[in-house]
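# Commentary on secondary and tertiary structure
So the chains spell out like this:
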Amino acid sequence: MSRERLTVVLPRRLPEPVETAMAALCDLVTREDDRPMSRDEMIAAVRQADVLVPTMAERIDAPFLAEAGTRLRLIANFGARVDHIDLSGARRRGILVTHAPDIATGDIADMAMTLILALTRRFPEGRALIRTNEWAGWSPAGPLGRRLEGRCLGILGMGRVGQALARRARAFGMDIHYHNRNPVPDAIAEELGATCWPSLDQMAARVDVMSVNCPATPGTFRLMNARRLALMKPGAVIVSTALGEVVDEVALTRMLRAGRLAGAGLDIRDADTGFNPRLRALDNVVLLPNMGAATLEGRIETGKRVIASIAAFAEGLAVPDRADAAAP
């Protein structure tokens, strides 16, 4: 590539520090306000652009690529996930795809730990008492939460986020258990004091807190189904930072309404999916709109990785953070 300024399409506005740094390097095409571009607007824009910077909310599929024209040569994804991008289709068209992995690991683990604390100490119920003006004053009898120290945490998915959560939970004195497709290396298991359970059923029956941190795949769809939720201890809580439907919400709602589980915290939905209305109505539930990775620091770090990819591409250098290298 020549050193001419590239034209870069931003379908959604990015944090101001990111856009300012990017504008020093490229010519940006984006909206004045914070509304996302429609699919047709995005297609029209990329026909006149060199680079597209989508988020996980933009679907870059085969029909999109077919209409994108021939100028587009780099898709620099603003985030780690690329399951919304047709990697093989992009590769066939000579379009590089990059992403920004690993940045949000600590942020998502922090969110999982926050949900665990909120539920075991019954923050949602306490907040509901204040909001509805039903609090009658301090009482030694309730509402009483539980200590984290000495309680068993089960981690479903012991990847980067699961391991980061284990380190945080261990600092609170929790006993770490996990279920994963493959056991973690012995050195990591020893560091975390983590016990591996080959059987998810057996782990579910053992733990006081279940944290779902596995990726959403066809194999993990409703992995925490009605049968497995019923195996959990009476009074246990479950939290999830996993995207997709790893937890069966209908079954979870029934368990919570029946008092079989003490609480649930989910940070897993996009605006167009929503949550079960009966789940939203419960006072022992925390529902969040996909906020696990939503920190200013994380967004700025992601922006720096995207800018580094664009800069390398503009200079004709090896582009870092390639997501398309393994595409067929």
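Looking up the protein chain in an unreviewed UniProt entry gives the name Lactate dehydrogenase, with the organism given as Pontibaca methylaminivorans. What the UniProt record of the protein chain gives under Sequence similarities (unreviewed entry) is the line "Belongs to the D-isomer specific 2-hydroxyacid dehydrogenase family."

Our next topic: the sheet that holds strand β2 (residues 27-29). On the basis of which strands lie adjacent, the open sheet formed by five strands has the order β2-β1-β3-β4-β5 and parallel pairing. The open sheet is flanked by β2 and β5 (96-98), the only strands paired with a single partner. Examined bridge by bridge, strand β4 (residues 74-76) and β5 share three bridges and lie parallel to one another. The residue bridging leucine 74 from the neighbouring strand is leucine 96, located in β5.

The seven strands are arranged β8-β7-β6-β9-β10-β11-β12 in an open sheet whose pairing can be described as parallel. What marks the edges here is a single partner per strand, and that holds for β8 (195-196) and β12 (285-287). Looking at chain direction, strand β9 (residues 209-212) and strand β10 (residues 236-240) are connected through four bridges and run parallel. Across the sheet, valine 212 pairs through a bridge with serine 240, a residue of β10. Most of the contacts of helix α7 (residues 160-171) go to strand β6 (residues 152-156), to which it runs at about 170°, and overall it touches β6, β7 (175-179) and β9.

Calculation notes
- Residues numbered from 1 in each chain as written.
- Predicted model: local features only at pLDDT ≥ 70, side-chain atom pairs only at ≥ 80, totals over all residues.
- Heavy atoms only, no water.
- UniProt positions renumbered as here; feature names shortened; annotations may be inferred.
- Pairing = 2+ DSSP bridges.
- Helix = DSSP H or I, 4+ residues; strand = E, 2+ residues; numbered from the N terminus.
- Contact = heavy atoms within 4.5 Å.
- Axes fitted to C-alpha atoms, helices over the stretch in contact; angles between N-to-C directions.

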